[in-house]
Each structure stands twice: as C-alpha cells, then as structure tokens.
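# Commentary on secondary and tertiary structure
The chain contents come next:
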Amino acid sequence: MSGATVAAGPTRVPFISGRGTRILLPLLLVAVLSAAAILPIAALLVRAFLDRDGRFVGLANFVRYATEPGLAVAAWNSLTLSALATLLTIGLAYPFAYAITRTRMPGRGMFRLIALLPLLAPSLLPAFGLVYLFGNQGWLRGWLMGESLYGPVGIVLASVFYAFPHAVLILSAGLAAGDQRIYEAARALRAGPWRRFVTVTLPSSRYALISAASIVYVLVFTDFGIPSVVGGSTNVLATDIYKLVIGRFDFEMGAVVGVLLLAPAVAAYLVDWLARRSQRAMISGRSVPIAPERMPGRDLALFGFCLLVAAAVIGIIGMAVYGSLVRFWPYNLNLGLHNYARLLEDDDEFRAIGNSLALAAGTAALGTLLAMLSGWIVARRIGPAALVQGLQGLAMVPVAVPGLVLGLGYVFFFNDPANPLHALQGTLAILVLCTVAHFYTVPHLMAVGELLRLDREIDMAAQALRAGPASAGRRIFLPVLAPTLVDIAGYFFVNAMTTVSALIFLFTAQTRVAAIAVINLVEGSRIGQAAAFATLIMALSIGAALIQISLRAAILRAQRWRRREG
Amino acid sequence: MAVAGPLHVVRPADAPEEGGRPAPSFLVTEGLTKRFGATIVVRDVSIAIGTGEFVCILGPSGCGKTTLLRLIAGFEQADAGAIRQAGRDITALPPEARDFGIVFQSYALFPNRDVAGNIAFGLESTGIDRAARARRVAELLALVGLAPHAGKYPSQLSGGQQQRVALARALALSPGLLLLDEPLSALDANVRAALRDELRALQRRLGVTAVMVTHDQQEALSIADRLIVMRAGAIEQVGTPMALYQQPANLFVARFLGDMNALPVEAGQGAEIRAAGTAFRLGAPVDAVPPRAMLCFRPAAVSLGAEMRGAANAVPARVVSAGFRGDVIRVLLAPEAAPELRIEAEIPSLRPVPVPEPGERVVAGVQPAHLLLLEGEG
C-alpha cells in the first residue's frame, strides 16, 4: 500500500481539524455553485413547462413554439448554419494545427499567437471586419457575387473566425501529444509519409477532432454577438431568445428556446467529455514526445496555407480596427480617433468601460477564490465522498450551459420575490456572480490539476512539522501555486471583458458593460463607434493578457527553484 | 522535546542492549482498528515498541501497513483502539500535537525551498532564534552529509540526496519517534543498500525510536531490530529478523521472508514425517501433526549428492531445470516418488561444482534442524 493512496472515509485532512469544518466547507461551495448555476438553470427548465400564470401545461409551450409561424425556422437556421460553420472551421483549423505542431516550417510560434488573437476580442469584432470588407459598402463586396453579407453568409464567415482559435487550441493539444515511437515503428514497417499520416496521425487525433467539432458547434450555435451584427433578417435561436424575452416579454417561449439551446450544448459537451477520456487513455505517461521531421515540400505548402489564414485573421481584425479609425465610412476615409473621442465623451459609454473593468476585476477575484477552494476540496477530498463528488459534478455543469441560457435562468431565479437573493437583481454583483458561474469549469479544473500535481504528502509533511494552515499557505502553497493563481485570474478577467451572452438579460442602465454597449451601438446603426468600442475592449483584453503573461514570467524568474539547473 | 537539543542522545536505560530484549514501552497500540467504508484496513493491531528500537512493518501491498503508520502519525483516526507514546494517550491528538518526524515515500520535499530551507521549516514554527536555527540546520546538514548542497533546490538533487534531506528535515525537531514510509523504495538498488546502512547507523547513534514500513523483505531483515509481518490488516507474527526467518509461524510469513519448499505431509508421528514418498526425521519431535501440515525447508538448506541415497532426509529426484543466479545455482527437482511435486535447491556457485543437467538423477538431502512443520495455507 503506497502512501499516495487516497482513502475515503474519516481520514484526517491536513489543516482542517474540526469534523464540522470538513463538512461545512464543501457544503458552502456546493451551495454557492447551486445558487450561481444549478438553480437558475433549473428555474429555466421548469419555466418551459409552465404557463404565464405558473400552471403546469406539459409540452404545450413546445407545441406552440413548433406551430407558431416563424419561430421554428430559427431552430433550423441555427442547426444548419452551425453545422456548416463547424465543417469550415475544422477544415481550416486541422491543417493549421498540424502545421504548428507536426512540421518544422518557420514561424510556428508566431502563427500560433496570431491564431489565438481573436480569443481576446468580443465575438462580434470579426463581424465588424466583415462588414467593412463585404458589407453593403464594403471594399470587397464583389467577392460575394451578389450575395448579401447580412444573413447566412455573414453568420457563417464571422462564426468561423470566432471559433477558429478554439479549434486550433484543442486540435494542436491533441496533435502535440503523441508517441514518437509509433512513428518509428511505422517507418520500420516501411510506411511512407502519406501512409503514416493516414494510419497513425489521423486516427490518433480523432478524439481531438471530435472534441473540437463539438465545442465549435456549441460556440457557434449559442453565440449572440455575431448574428446580432451580421444576421440581417435571418433568425437564429440565439437572437430569437433575446427578441422573445426583451422585445415581446414572452418568457414562456424564451424558456422553450433556452431548452432548445441547452440540449445540443449538453449533448456536445458529453461527446467532448467522452472523447477526452478516450484521448487520455491513449497516451501513456511513458510516451516519447513527437519530434517532427523536416519535409520541405509539405512544410512549404503548409507555410503558404498558414500565411493565408494568418493574413485573413489579421485582415479581418485589422479591418475592424481600421473601420473604427475612419471618420465616416465609406465617404470620409480620413483617419483619426473621432469615434473613440465620441465614446469617451458620452457618460453612458464611459461608465460602461468602468463597469467592464469592475466586472472583470470582481470576477477574477471571486472566481479565483472559489475555484481554488473547490479545486482544493476536490483534489484533497475534503468532506464526505458524496459531497466531494457532488461538488466536482456541479463544477462541470457551467461549461455545457450557453451564456444566454444561464442569463435567462438568472432572470427567472432572481426575479422571484420569494428568493432571499432577490436583492442582488440589478446590481453589478449579479453580473459578477453570473460571469463567475459561466466560466467556472476551466479554472476549477486548472486548480484541481495543479493541486493534484502537488503531492498530498506535502500537506502532511508541513503538518508533521507543526505548521498551521496560515503558515503553510504563506510559506509553501502560495509560492508554489502563484503561476496558477495568475492564470486563473487572467482567464476570468479576459472572459469577463469580452462576454456578452450571459449578461444581455441582466444589465441595467447603471450596470451596462462595454461589450453590451457595443450591441446597443449596432442597434443604433452607429457601426463606427461600435467598432471603436469593440477595438477598445480588445485592447484592454490584450493589456490584461500582457500583464498576466509578464506577471507569470516575473514569478517564474523570481522562483529560482523552478529551474532545473542553477 | 527540546528543539535544539543535543544530536547525540544518550541512550535511555530501557534501550535494547546488544542481544538483549527491548523493553516494550515507548510506543504502544492496543486493539487498533481502521475501516475505510466496509473494508477493514487495520484489524485489532496491538504492538509494543521499546525506546530506541528499530521496528519494520512488513507485508505485501494492501496489507494495511501504511495505514498503521498513518494511524501512529495521526493522519488517520482510528475507529477503535488506543495509541500511547511515552506513556501519553495520543489516540485523539492531531499530528501537529504528537511527537514524531516522518519521511514519506515521495519525500514530499517543499519544492520552493532549498535544502537548508526544507530542514529549517519545522524549526521556524517553533520560534527559536535565527542563530540557533542556523546552528541546528548546519548540524543536520553535516549529519546527513549534505553541507555542500545546502543552497540547492529539491529538483536539482538526486534521489538519494532528496532522501537525506527528507531524513534531516524529519529529525530537525529532535522527535522521540521517527516514522519512515517506504523511504528507500524510490531509489536505485546500489544507493538503496548504502542508504539503508546509513539510516541504521544514524538511528543507532541518535537513539531515536524508528518505525519503518516496507514491502521489501531484504531491507526489513537487514535493518530492523524486530519485524512485524502483516497480512490483510492483521499481524501475522512479530519477532527478530532471525527468529522470523528461522521459525516462521506459518507458510505466509515463511514465504514472505524468502523462498520456502513445502511438501504436503503424508503421515507422521513424533519426529518421523513422511512426505514426497520419503521418510524425514525432524530435529525435535512434535506433539501432534497439524491438519494440512506441510514439511518446509529453505532452498539453501538442500544439499545435492549421490552419496546420501538411502539415508534419512534424502530424496531421490530428477533435475527439472537448473539456472545460474550469480552467487548461487537454482536447481528445480522432481522427487522420484512424487514426480508431480517440486523441490527447489540452491547450491553455491563459487565452488567449482558441475551444474546439474536436466534429467540427471540426484539425491537431495536436508539436515533435520532445517526442517519445519508448518500449517499450509487453506
């Protein structure tokens, strides 16, 4: 029996002496996550089966949705356009990810950075770029051969750009993990390059492909920003839910659309989860890392491809930035900060920037605290096993819940005057809570992973040496976990800066954030200012990301113990 | 326990003398039981360990030995039973209120602290002044031979060096009890043997009571004053390494400490036993032959030769196979009167003996004193 065996049952947990604390702490986290994610979603699910007066009506709402003219077409549009965008995204992202992980072409690191750039912008920023390029007064309008950008074309194109970095991240992670020995075995069996690709690379990346496809599908299916800028008269579920709730106050139909958004998302994440599990089983700890070989022909072709993709990404984003600097598109192309000046002069817009920063900071602070706590509870199994597993399960839920669904669930849950948390309604705090919940899964898993890497025996060693929790935290855990803390806080911050969907139902005039202000500007046909605002958000996100990166680097530099030689 | 106390602890009066029996009083467990869910991991364990004694808890993986150690440390709470250390009931105390130092299997060195920082960690919690702390760290560094590496971080050390840091850190607070959880199992064979002897010498010198968990019988036999052999959560036998090796209580203990031949007893009375179609004479007569009794002897107790044919304790057999093992040659034999049975013999390879050929007829002889009558495993 090794010391690493983690025992269930009344094992003493280092630093938590009281039996009460050991139950109360996980219970507290379960309660917070329930209030912030599970109960609002449940409220939405319940609402889909109730009528306006709160009576149970079975599937009547769904029947009404399917039969009322014009409603169901949005579901069809969402399904087909998302499928098309997924196909295109994966078609572009796979060779791109392959090129940056499995070849020796030059500029792999730079291409990777460029591909990830859209992560730092709100989803609708590429939509602005497209408007300036292919819109009714766009430069390259002719390329669409008479088709209008506003509608399916715009939604698919912008979605591909928006989802591309996510697909590249998943696929390149899948492709980077592999076993060089299998390739050596294939060569020893006289398999040529193409045969090695088809018989080894492609099958070994199939789970990453499934993961990427399901994640991309959900991203596109549930995105609100893009169809609201370039959707034109094409209705999709994500914009319909907004129109139904905010425009028609038809909460029943809103709840039905919420369910329709939620179901495919949950299904896709289940697929993704299964795929990841299989992927992990495929890679053993003793694999030899992949060492790509030099193949000038292939590398050159892929370099050209990556150059085109990178040019498109930079072109679209650059076009949005350029458009924001133009005085009056397309009649007066003089450059200047006119649009930015107008934004900053407007009290409402200026406040929105402040709100965004406050939201991002609040989300980073609360989210990091909660994620570290729940990560610690799960990694160290603090409390009864059922409670620990329950907490882990709850933490996995938000990733599968579209922001729009979560936001509408908040409306149903917190609007109820009987809810003791009713007072949160209309405050910035509810936006923080919702954003923390929305992005909770990834940081929680980061915390669990990092704490699992830190041997449990370290806790015991500190305790055996008579260090209390505060002392051990300060002297051991804080320094060791510092880079992870920075990463988690950065993740929450950037996502809070750029998110729209979860907050669209929750903001008030006082708490409106910048990303929502962009939508409002689009609704008011002030595209130039909207592009300026989106650019500003991207700049702030880039700033935050740079701070995160340099802070992390500074910590790593200061912590000499992380270097092997020294 | 004085923190900056002398390193060379004077051996208390009740410490074990060479060859003498230890006074079992320092660490006592009574009826210790621990369950994880429905599984009983430690079952009614009562042991008594004397001051300055080095005790090894030995057993296969999953036998509950690590859990027993963690109960003694306080990382697990017992479901039943009591633990007393130096006369004090510590059953309910949390680890930080007990008096022990511990070396973990993973060493669990703090990765962000250098060697001196790891050793000083426990001292910093006690509030002794900086100069005394530095002196104590220097003493410990010298003790484990790591003075030149004081400023290195764990990731820059070899496995053996990390192990020494863990040991020095565990000894820093001059604990009365040193707990070791498979401390050598992560090391290469050579380093392992050297550190084992060092550990033993150090423990002797400091006079600290030590309890070590291991699954390696060689390690346990060579380091411990006494062994506790465990199986399925319960104690099988307690005794000195020599006693357990020579007089194991049952076949499990016998086989856990080394290879053992076991022939089913066909008939027997007094000192006369029949097994493998051969008459054997025991060193001393037994009152009654236990049910399912096995006649047991170690492979090294077997000598081969044709001259023993017809004598007592001589088994005519055919060589099944013979393998060179370095120091010895392992010969597998099938008794002629019971060809379905197997006897293993170990003959020294340094003596210029011819290696027996498969199929060759030989006679295997065992001295009466080397024969044991043990109850077989169900």
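Remember, predicted model here, so these are calculated numbers, not experimental data.

All names here are of chain A. Two elements in contact, helix α17 (residues 403-415) and helix α18 (residues 428-438), have axes separated by 11 Å at closest approach and are oriented at 135°. With respect to their mutual orientation, α17 and α18 come out oblique. In the packing of α17 onto α18, the handedness of the crossing is right-handed. Packed against α17, whose contacting residues are Gly403, Leu406, Tyr410 and Phe414, the element α18 presents Ile430, Leu433, Cys434, Ala437 and His438 at the interface.

According to the stated counting rule, one finds 0 disulfides over all chains in the structure shown. Among the cysteines around Cys56 of chain B, which has no disulfide bond, Cys63 of chain B carries the closest sulfur, lying 12 Å off.

All right, on to the confidence of the model for chain B then. All names here are of chain B. Chain-level pLDDT for chain B is 88 on average; 92% of the residues reach the 70-or-more range. When pLDDT is averaged over each element of chain B, strand β3 (residues 54-58) comes out on top at 97 and strand β15 (residues 302-304) at the bottom at 88. This model gives residues 1-20 a pLDDT under 50, and the stretch forms 35 contacts once residues within four places in sequence are excluded. The ipTM, which scores confidence in the relative placement of chains, is 0.79 for this predicted complex, and the corresponding pTM is 0.82.

Two residues of an α-helix separated by three or four positions point the same way, owing to the 3.6 residues in each turn. All names here are of chain A. Residues Gln180, Tyr183 and Ala186 constitute the buried set of helix α7 (residues 180-188). Seen from one end, α7 has its buried residues packed into an arc of 115°, which puts them on one side. Buried positions along α7 lie against α3 (72-102) and α8 (193-204). Arg190 sits one or two residues past α7 and shows a positive phi near 65°.

For the rest of this paragraph, the subject is the interface of chain A and chain B. In this complex, chain A contributes 31 residues to the contact, which on the side of chain B involves 45 residues. Both sides of the chain A and chain B interface together cover about 3,500 Å² of buried area, and 54% of this is carbon and sulfur. Its salt-bridge partner being Glu124 of chain B, residue Arg475 of chain A comes within 2.4 Å of it at the nearest N-O pair. If you look at where chain A meets chain B, you find 9 residue pairs in polar contact (both at pLDDT 80 or more). Mapped by element, the contributors of at least two residues to the side of chain A that touches chain B are α20 (456-464) and α21 (469-498) of chain A. Here the side of chain A that touches chain B gets 8 residues from one element, more than from any other, and that element is α20 of chain A. Its residues placed into classes, the side of chain A that touches chain B shows 15 nonpolar, 5 polar and 11 charged.

Turning next to the domain arrangement of chain A. Residue and element names in this part refer to chain A. Domain boundaries in chain A define domain 1 (29-40 + 343-562) and domain 2 (77-236 + 264-283 + 292-310). Centre-to-centre separation of domain 1 and domain 2, based on C-alpha positions: 26 Å. Taken residue by residue, the interface counts 23 residues in domain 1 and 17 residues in domain 2. Taking both sides of the interface into account, the surface hidden between domain 1 and domain 2 amounts to around 1,700 Å²; carbon and sulfur atoms contribute 84%. At the boundary of domain 1 with domain 2, the tally comes to 0 salt bridges. Linking domain 1 to domain 2 there are 1 residue pair in polar contact (both at pLDDT 80 or more).

With that settled, consider the packing of aromatic side chains. All names here are of chain A. Applying the stated criterion to the full structure yields 19 aromatic pairs over all chains. For the ring pair Phe96 and Phe164, a centre distance of 5.3 Å and an interplane angle of 75° mean the geometry is edge-to-face. Here Phe96, found in helix α3, pairs with Phe164, found in helix α6 (residues 152-176); they are 68 residues apart in sequence, far enough to count as distant. Residue classification places Phe96 among the buried positions, given a relative accessible area of 1%.

Moving on to the sheet that holds strand β12 (residues 272-275) of chain B. Residues and elements named next belong to chain B. On the basis of which strands lie adjacent, the open sheet formed by 5 strands has the order β13-β12-β11-β14-β20 and antiparallel pairing. Every other strand in the sheet has two partners, leaving β13 (278-281) and β20 (372-375) as the edge strands with one partner each. When strand polarity is set aside, the average angle formed by the axes of neighbouring strands in this sheet is 45°. As paired elements, strand β11 (residues 261-269) and strand β14 (residues 293-297) share 4 bridges and run antiparallel to each other. Bridging across to β14, Ala262 finds its partner in Cys296.

All names here are of chain A. Its place among the elements puts Ala496 in helix α21. C-alpha separation for the pair Ala496 and Ala163, spaced 333 residues apart in sequence, amounts to 18 Å. Setting aside its immediate chain neighbours within four residues, Ala496 contacts Leu359, Ala360, Thr363 and Thr435.

With that settled, consider the pattern of salt bridges. A full pass over the atoms with the stated rule returns 38 salt bridges over all chains. Arg64 of chain A serves as the salt-bridge partner of Asp250 of chain A, at 2.3 Å between the closest nitrogen and oxygen. Highlighted residues: Asp250 of chain A in the loop between α11 (237-247) and α12 (251-282) and Arg64 of chain A in helix α2 (residues 60-67), separated in sequence by 186 residues. For Arg64 of chain A, a relative accessible area of 30% translates into the label partly exposed. Arg136 of chain B is the salt-bridge partner of Glu139 of chain B, the closest N and O atoms lying 3.3 Å from each other. Remark: Arg136 of chain B and Glu139 of chain B occur in helix α3 (residues 130-143); sequence separation between them is 3 residues, near one turn of the helix.

Residues and elements named next belong to chain A. The pLDDT averaged across chain A works out to 88; a share of 95% of its residues lies at or above 70. The least confident element of chain A, judged by mean pLDDT, is α7 at 82; the most confident is α18 at 96. Of the regions scoring below 50 in pLDDT, residues 1-10 engages in 26 contacts with residues more than four places distant in sequence or in other chains.

Rules and cut-offs
- Residues numbered from 1 in each chain as written.
- Chains lettered and ligands numbered in written order.
- Predicted model: local features only at pLDDT ≥ 70, side-chain atom pairs only at ≥ 80, totals over all residues.
- Heavy atoms only, no water.
- Axes fitted to C-alpha atoms, helices over the stretch in contact; angles between N-to-C directions.
- Helix = DSSP H or I, 4+ residues; strand = E, 2+ residues; numbered from the N terminus.
- Parallel < 35°, antiparallel > 145°, perpendicular 65-115°, else oblique.
- Left-handed = near helix turned anticlockwise from the far one by under 90°.
- Contact = heavy atoms within 4.5 Å.
- Disulfide = S-S within 2.5 Å.
- pLDDT = per-residue confidence, 0-100.
- Buried < 20%, exposed > 50% of the residue type's maximum accessible area, 1.4 Å probe, protein only.
- Arc of directions from axis to C-beta.
- Buried area = accessible area lost by both parts, 1.4 Å probe.
- Salt bridge = Lys/Arg side-chain N within 4 Å of Asp/Glu carboxyl O.
- Polar contact = N/O pair within 3.5 Å; in protein donor to acceptor, adjacent residues only side chain to side chain.
- Nonpolar A, V, L, I, M, F, W, Y, C, P; charged D, E, K, R; others polar.
- Domains from an automatic or database assignment.
- Phe/Tyr/Trp six-rings, centres within 6.5 Å; stacked < 30°, edge-to-face > 60°.
- Pairing = 2+ DSSP bridges.

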